[in-house]
Amino acid sequence: MTKPHEFTDNFKEKVAIITGASSGIGQAVAEAIAGYGAHTVFISRSGADAIAADLNAAGKSALSLHCDVSNEEQVKQAIATIFDKYGRIDILINNAAINQIAKIEDISLEDWNRVLATNLTSQFLCCKQVVPIMKQQRSGKIINVSSIAGHFRSKISGIHYVASKAGVVGFTRQLAYELAPFQINVNAICPSQTYTPMLAATLPPEAEQKLIDSIPLGRIASMEEQVNVILFLASELSSYMTGAIVDVNGGQL
Ligand SMILES: NC(=O)c1ccc[n+]([C@@H]2O[C@H](COP(=O)([O-])OP(=O)(O)OC[C@H]3O[C@@H](n4cnc5c(N)ncnc54)[C@H](O)[C@@H]3O)[C@@H](O)[C@H]2O)c1
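None of these values were measured; they are calculated from a predicted model. (Residues numbered from 1 in each chain as written. Predicted model: local features only at pLDDT ≥ 70, side-chain atom pairs only at ≥ 80, totals over all residues. Heavy atoms only, no water.)

Undergrad: Account for the overall build of the chain, with residues named and values stated.
TA: The helix and strand inventory of the chain stands at nine helices and seven strands. Taking 2.2 N^0.38 as the reference for a compact globule, 253 residues should give roughly 18 Å; the C-alpha atoms of the chain span a radius of gyration of 17 Å, in line with that estimate. Its C-alpha atoms give the chain principal-axis dimensions of roughly 45 × 40 × 40 Å. Counting across all 253 residues of the chain, residues that qualify as buried make up 50%. Looking at the chain alone, contacts between residues at least 24 apart form 71% of all its contacts between residues at least 6 apart. Charge-centre separation for the chain: the mean point of 20 positive side chains lies 6 Å from the mean point of 23 negative side chains. (Helix = DSSP H or I, 4+ residues; strand = E, 2+ residues; numbered from the N terminus. Rg over C-alpha atoms; globule rule 2.2 N^0.38 Å. Buried < 20%, exposed > 50% of the residue type's maximum accessible area, 1.4 Å probe, protein only. Contact = heavy atoms within 4.5 Å. Lys, Arg positive; Asp, Glu negative; His and termini not counted. Charge placed at Lys NZ, Arg CZ, Asp CG, Glu CD.)

Undergrad: How would you summarise the site of the ligand if you had to cite specific residues and measurements?
TA: Surveying the vicinity of the ligand reveals 28 residues, the closest of which are Ser-23, Ile-25, Asn-95, Tyr-161 and Thr-196. Measuring from a nitrogen atom of the ligand, one finds a side-chain N or O atom of Asp-68 at 2.9 Å. Protein coverage of the free-state accessible area of the ligand, which is 830 Å², stands at 93%. Elements supplying a minimum of two residues to the shell around the ligand: helix 1 (24-35), helix 6 (159-179) and helix 7 (197-202). Counting residues per element, the shell around the ligand draws most heavily on helix 7, at three residues. In the shell around the ligand, the residues fall into twelve nonpolar, 13 polar and three charged. (Near = heavy atom within 4 Å. Polar contact = N/O pair within 3.5 Å; in protein donor to acceptor, adjacent residues only side chain to side chain. Areas by Shrake-Rupley, 256 points an atom, 1.4 Å probe, with all protein chains shown as cover. Nonpolar A, V, L, I, M, F, W, Y, C, P; charged D, E, K, R; others polar.)

Undergrad: I'd like to hear about the environment of Val-41, residue by residue, with values.
TA: One can find Val-41 in strand 2 (residues 39-44). Sequence separation between Val-41 and Gly-150 is 109 residues, and the spatial gap between their C-alpha atoms is 27 Å. Each residue touching Val-41, except ones within four places of it in the same chain, is listed here: Ala-16, Ile-17, Ile-18, Leu-63, Leu-65, Ile-82 and Tyr-86.

Undergrad: Before we move on, can you summarise the packing of aromatic side chains with the specific residues and values?
TA: Counted by the stated rule, this structure contains two aromatic pairs. For the pair Phe-7 and Phe-11, a centre-to-centre distance of 6.2 Å together with 75° between the ring planes defines the contact as edge-to-face. Where Phe-11 meets Tyr-36, the ring centres are 6.1 Å apart and the plane angle is 20°; that geometry is what we call stacked. With Phe-11 in the segment before strand 1 (15-19) and Tyr-36 in the loop between helix 1 and strand 2, the pair connects residues that are 25 residues apart, well separated along the chain. Here a set of aromatic residues connected by ring pairs shows up, and it is made of Phe-7, Phe-11 and Tyr-36. (Phe/Tyr/Trp six-rings, centres within 6.5 Å; stacked < 30°, edge-to-face > 60°.)

Undergrad: Can you break down the confidence of the model for the chain residue by residue, with the values?
TA: Looking at the chain as a whole, the pLDDT averages 96, with 100% of positions reaching at least 70. Of all the helices and strands in the chain, helix 7 carries the lowest mean pLDDT, 87, while strand 4 (residues 91-94) carries the highest, 99. (pLDDT = per-residue confidence, 0-100.)

Undergrad: Can you tell me about the pairing of strand 3 (residues 61-66), naming the residues and giving the values?
TA: Remember that side chains alternate between the two faces of the sheet whenever the strand is regular. Looking at chain direction, strand 2 and strand 3 are connected through six bridges and run parallel. Bridge pairing in strand 3 places Phe-42 opposite Ser-64. Handedness of the crossover joining strand 2 and strand 3 through helix 2 (residues 49-57): right-handed. (Pairing = 2+ DSSP bridges. Right-handed = clockwise from strand over helix to strand, strands pointing away.)

Undergrad: Help me get a handle on the packing of helix 4 (residues 109-137) against helix 6, residues and values and all.
TA: Relative to each other, helix 4 and helix 6 sit at 15°, their axes nearing to 8 Å. Taken together, the axis directions place helix 4 and helix 6 in an arrangement best described as roughly parallel. Where helix 4 crosses over helix 6, the two elements pack in a sense that is right-handed. Between helix 4, through Asp-111, Trp-112, Val-115, Leu-116, Asn-119, Leu-120, Gln-123, Phe-124, Cys-127, Val-131 and Lys-135, and helix 6, the contact on the second element is made entirely by Ile-159, His-160, Tyr-161, Ala-163, Ser-164, Lys-165, Gly-167, Val-168, Phe-171, Leu-175 and Leu-179. Among the residues forming the contact of helix 4 with helix 6, the class breakdown is 14 nonpolar, five polar and three charged. (Axes fitted to C-alpha atoms, helices over the stretch in contact; angles between N-to-C directions. Parallel < 35°, antiparallel > 145°, perpendicular 65-115°, else oblique. Left-handed = near helix turned anticlockwise from the far one by under 90°.)

Following this line, the structure appears as structure tokens:
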């Protein structure tokens with residue numbers, strides 16, 4: 001049984017994939033897992049080559065793959081590359097997403113499809129490739145990043161973003177049910193507003209104080225406050241959790 005003070009040992013020699021790892025929460029969680037000794041794959045469209053090179057130079061094990069997670073062929077190729085290199089996959093963190101602030105009248109069908117494809121279909125595509133490997137191993141941890149927007153609604157996102165994140169909640173519960181017999185844990189985290197490049201792009205500076213005033217804990221989350229919960233869900237400390245939708249929102253719901 002893993003003791004809390006030993007939990008980072010869980011990551012040694014594990015193979016972990018993080019999507020959307022070139023920025024924000026994804027980068028921070030990938031760097032943390034690599035720091036704890038996992039073979040860590042940074043997936044993003046533009047790549048995280050410099051981040052991975054720095055980690056490798058520091059004696060860690062990191063691989064940067066360029067992949068659009070909404071593109072089935074690219075996802076298939078990325079997962080095949082990872083499996084060929086490491087021979088197993090222990091942790092998948094489906095984190096990549098985009099946001100757009102717009103009213104329904106101003107959202108084109110193209111916008112809708114792009115947001116749904118990036119935020120929800122991508123999780124299906126990555127899981128579809130990774131699940132057979134985890135089933136074979138009879139072990140694995142999948143963490144899907146949803147949002148407070150998917151659990152309730154949003155002050156700073158469009159209806160397509162909110163629908164995609166609500167989709168992640170249903171996707172997570174059903175996948176957890178399907179994979180429980182194989183000892184694969186599937187959980188989701190619903191972060192609220194967190195200081196990252198995505199928030200900087202969507203929260204007007206004049207709205208920041210009003211938002212802070214509406215949060216019971218009285219502040220916007222730091223990246224570490226989201227990363228720590230993802231690490232917990234990726235570790236053996238959460239071995240009896242599956243299908244959980246974990247709110248990390250400063251008491252907003
Ligand atoms: N920051 C917040 O306030 C907040 C709040 C709630 C939920 N979230 C969720 O947390 C997660 C991380 O958000 P963040 O704030 O760190 O965002 P971010 O914009 O800083 O990072 C998103 C990452 O996803 C990548 N990405 C986007 N589209 C991609 C694609 N098609 N293929 C591959 N990679 C792609 C980007 O390149 C980037 O690396 C997202 O799922 C987001 O919806 C964030």
